[in-house]
Amino acid sequence: MKAAYRTLVSAGHEVLAGITAIILAGITYGCASIDNDPYGATMNTLSINVIYPEGKEQYMREGVSIAIEDINRGNAYKTATDKDGKASMRLPNGIYRVTVSDRTEESVFNGSSDKVNLSEKDVNLSLNLIESKSGDIIIKEIYNGGCMAYPLEGTYQSDKYIILHNNSTEVQYLDSLCFGTLDPYNSQGTNIWVSEDPQTGASVYQDFVPIVQVIWQFGGNGTTFPLQPGEDAVVVCCGAIDHTVQYPLSVNLNKPGYFVCYNNIYFPNTRYHPAPGNNISQDRYLNVVLKMGQANAFTFSVFSPAPVIFKAKGRSIQEFINEPDVIIQKPGSTVDRIAKIPVEWVMDGVDVFYGGSSDNKKRLCPAIDAGYITLSDIYLGHTLHRNIDEEATASLGFEVLMDTNNSINDFYERTQQSLHEQE
């Protein structure tokens, strides 16, 4: 199944839909070489050895896609493995991000390395793939970048939301599902949780995701909030009101059935958290499991959040956060604490990069999101939306979305909020 890649151009902003849209005139496939760099840069060879998990070596095949991005210049290249899982390419000296994705009927295999240093010599990169499964409940849309305040002057960002989607063939329940964002808040921020292999530059991730500031949780008794196959659930991060009354380019988030991150004790800032509108029932207010930061509003980054949804296993989330070494002080900070949520609890997550920066860094490990999706700029009213899996949708008769655990394949940037279009 192939994702539908889309490239959007708006107000002079070129949007990188995945990394198939590139600055260089053309993409290099296979084990080809770029013999002459047009800028006269020194060339070195990047050799990649893709390694499948133990016991899954039978899935190694020719033609597995490898995406290579020059982090500083923005140039992007594609190549593919040979039958032995190897590929090589001559590239200009630089720092590269390498991403590999493969998919079978049963599993997804992803691997990534965020800072491969090809500045001084040839590099042999061994890239271990992580096996994961497509999620039942997944993130369908992220609206975090705000819009223009037209007809007023300025900009507006107190209208953020995400949409969840049941991507399975069975009824799923939102009850006890947790929602949070990773440290650092922005992809450009200092990331102390991901290190590098000193020999190859391969990214080394923790066995947990560092949830910062707050853990939100859906209520219910286990079957209170069913989500039918193909059905969506809107989660309002800021302001469950009709924002279009004052800001026509925004969205109406005061609709029956919507959920909201609202707790005026922990987050009393009414600019971001006004009292929910009359159509939002109180049983759809998400609960605060744990408040870790000092902010008076939920900090859902306007630039580049990394939202995740997860459920505790073997005990409740309330029991888990009281265990030793689960809540820790962030190293180097006297204020921030984080919650160490096991990677295997995460049902879905999306790494958002900001198009206005060349200093983006991965936060989510390949088992959750091997890639990223770029928000070209803020205050455009754009959202990040998951691609439809046309083949599966036609087969099953309800909307099925792409889920390869790689946002390069799964997401695109759209020019208007889907909720705005439903007005």
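All values reported here derive from a predicted model rather than from experimental measurement.

About the cut-offs
Once a new chain begins, its residue numbering starts again from 1 and follows that chain's sequence as written. Predicted model: local features are reported for residues with pLDDT of at least 70 only, side-chain atom pairs are reported and counted for 80 or more only, and whole-chain, interface and lining totals are derived from all residues. Water and hydrogen atoms were dropped before computing side-chain values, which therefore reflect all heavy atoms in the structure. We define the nonpolar core as a collection of buried residues of types Ala, Val, Leu, Ile, Met, Phe, Trp, Tyr and Cys that are connected through side-chain atoms lying within 4.5 Å of one another. A simple rule labels every residue: compare its accessible area, found with a 1.4 Å probe on the protein chains alone, to the largest value its type can have, and call it buried under 20%, exposed over 50%, or partly exposed in between. Helix and strand definitions follow DSSP, with helices as H or I runs of at least four residues and strands as E runs of at least two, each counted in order from the N terminus. It only takes one pair of heavy atoms within 4.5 Å for two residues to be counted as in contact. Any Phe, Tyr or Trp ring, taking Trp's six-membered ring, that has another such ring centre within 6.5 Å forms a pair; planes under 30 degrees apart are called stacked, those over 60 apart edge-to-face, and the others tilted. Think of it this way: DSSP has to see at least two bridges between two strands before they count as a pair. Each axis is a line fitted through C-alpha atoms, and for a helix only the stretch in contact is used; angles between axes span 0 to 180 degrees, taken between their N-to-C directions. For this analysis, a salt bridge means a side-chain nitrogen from Lys or Arg found within 4 Å of a carboxyl oxygen belonging to Asp or Glu. Confidence of the predictor in every single residue is expressed as pLDDT, which spans 0 to 100. In what follows, a disulfide is any cysteine sulfur pair within 2.5 Å.

## Looking at the nonpolar core
Leu-164, Leu-174, Phe-179 and Trp-216 are the most contacted members of the largest nonpolar core, which totals 37 residues. No other element matches strand S11 (residues 137–143), which puts three residues into this core. Non-local contacts of Trp-216, meaning those with residues more than four positions away in its chain, are made with Leu-177, Cys-178, Phe-179, Cys-261, Tyr-262, Asn-263, Phe-267, Leu-286, Asn-287, Val-288 and Phe-298. With 26 residues, the next largest nonpolar core counts Cys-178, Phe-310, Ile-341 and Trp-345 among its residues.

## Some remarks on the packing of aromatic side chains
Throughout the structure, instances matching the rule amount to 16 aromatic pairs. Where Tyr-52 meets Phe-109, the ring centres are 5.4 Å apart and the plane angle is 65 degrees; that geometry is what we call edge-to-face. Here Phe-109 lies in strand S8 (residues 108–117) and Tyr-52 lies in the loop between strand S3 (43–51) and strand S4 (65–70), a separation of 57 residues in the sequence. Comparing Tyr-52 with Phe-109 shows no difference in burial state: the two are buried. Aromatic side chains Phe-179 and Phe-298 sit 6.0 Å apart centroid to centroid with 85 degrees between the ring planes, which places their arrangement in the edge-to-face category. Here the residue Phe-179 occupies a position in strand S16 (residues 178–182), and Phe-298 occupies one in the loop between strand S23 (287–291) and strand S24 (307–310), the gap between them amounting to 119 residues. Residue Phe-179 is classed as buried on the basis of its relative accessible area, which comes to 2%.

## Some words on the environment of Asp-325
Mapping Asp-325 onto the fold places it in the loop between helix H1 (317–320) and strand S25 (327–329). Residue classification places Asp-325 among the exposed residues on the basis of a relative accessible area of 59%. Along the primary structure Asp-325 and Ala-339 are separated by 14 residues, whereas in three dimensions their C-alpha atoms are 8.8 Å apart.

## Focus on the pairing of strand S30 (residues 383–386)
Regular strands show a simple pattern: their side chains alternate between the two faces of the sheet. The side-chain alternation of S30 yields two buried faces, one formed by Thr-383 and His-385 and the other by Leu-384 and Arg-386. Across two bridges, the pairing between S11 and S30 is antiparallel. Paired with Glu-141 across the two strands is His-385, which belongs to S30. As paired strands, S30 and strand S31 (residues 411–414) are joined by four bridges and run antiparallel to one another. Bridge pairing in S31 links Thr-383 to Arg-414.

## Re the environment of Val-350
Examined against the element boundaries, Val-350 turns out to sit in the loop between strand S27 (346–349) and strand S28 (352–354). Judged by its relative accessible area of 0%, Val-350 is buried. Here the alpha-carbon distance between Val-350 and Ile-139, two residues 211 residues apart in the chain, equals 7.7 Å. Leave out the neighbours within four places in its chain, and Val-350 touches Ile-139, Ile-142, Pro-305, Ala-306, Pro-307, Leu-364, Asp-369, Ile-373, Arg-386, Ser-407 and Phe-411.

## Re the sheet that holds strand S9 (residues 123–128)
Taking strand neighbours across the sheet as the criterion, the three strands line up as S6-S3-S9 in an open arrangement whose pairing is mixed. Each edge of the sheet is formed by a strand with only one pairing partner; in this case those strands are strand S6 (86–92) and S9. Recorded for the sheet is a direction-independent mean angle of 25 degrees between the axes of neighbouring strands. As judged from the six bridges shared by S3 and S9, these two strands associate in the parallel manner. Across the sheet, residue Asn-49 finds its bridge partner in S9, namely Ser-126.

## Re the pattern of salt bridges
A complete count under the given rule lists 17 salt bridges for this structure. Its salt-bridge partner being Arg-315, residue Glu-323 comes within 3.0 Å of it at the nearest N-O pair. Of the residues examined, Glu-323 reaches a relative accessible area of 30% and is grouped as partly exposed. One connected set of salt bridges, linked through shared partners, spans Asp-348, Arg-386, Asp-403 and Asp-410.

## Describing the pairing of S8
Taking burial as the measure, the 10 residues of S8 include eight buried ones, the bulk of the element. Direction of pairing for strand S7 (residues 95–103) relative to S8: antiparallel, over a ladder of eight bridges. Bridge pairing in S8 links Thr-99 to Ser-112. Between S7 and S8, which pair antiparallel and follow one another directly, the connecting turn spans four residues. Relative to strand S10 (residues 130–132), S8 is paired through three bridges, and the arrangement is antiparallel. Bridge pairing in S10 links Phe-109 to Glu-131.

## Things to note about the confidence of the model for the protein
Overall, the prediction assigns the protein a mean pLDDT of 89, with 90% of residues at 70 or greater. Within the model, pLDDT remains below 50 along residues 1–33, and this stretch shows 78 contacts once partners closer than five positions in the same chain are excluded.

## Some details on the state of the cysteines
Per the stated rule, a full pass over the model turns up zero disulfides. Distance from the sulfur of Cys-238, which forms no disulfide, to the nearest cysteine sulfur (Cys-237) is 6.1 Å. The buried category is assigned to Cys-238, whose relative accessible area is 1%.

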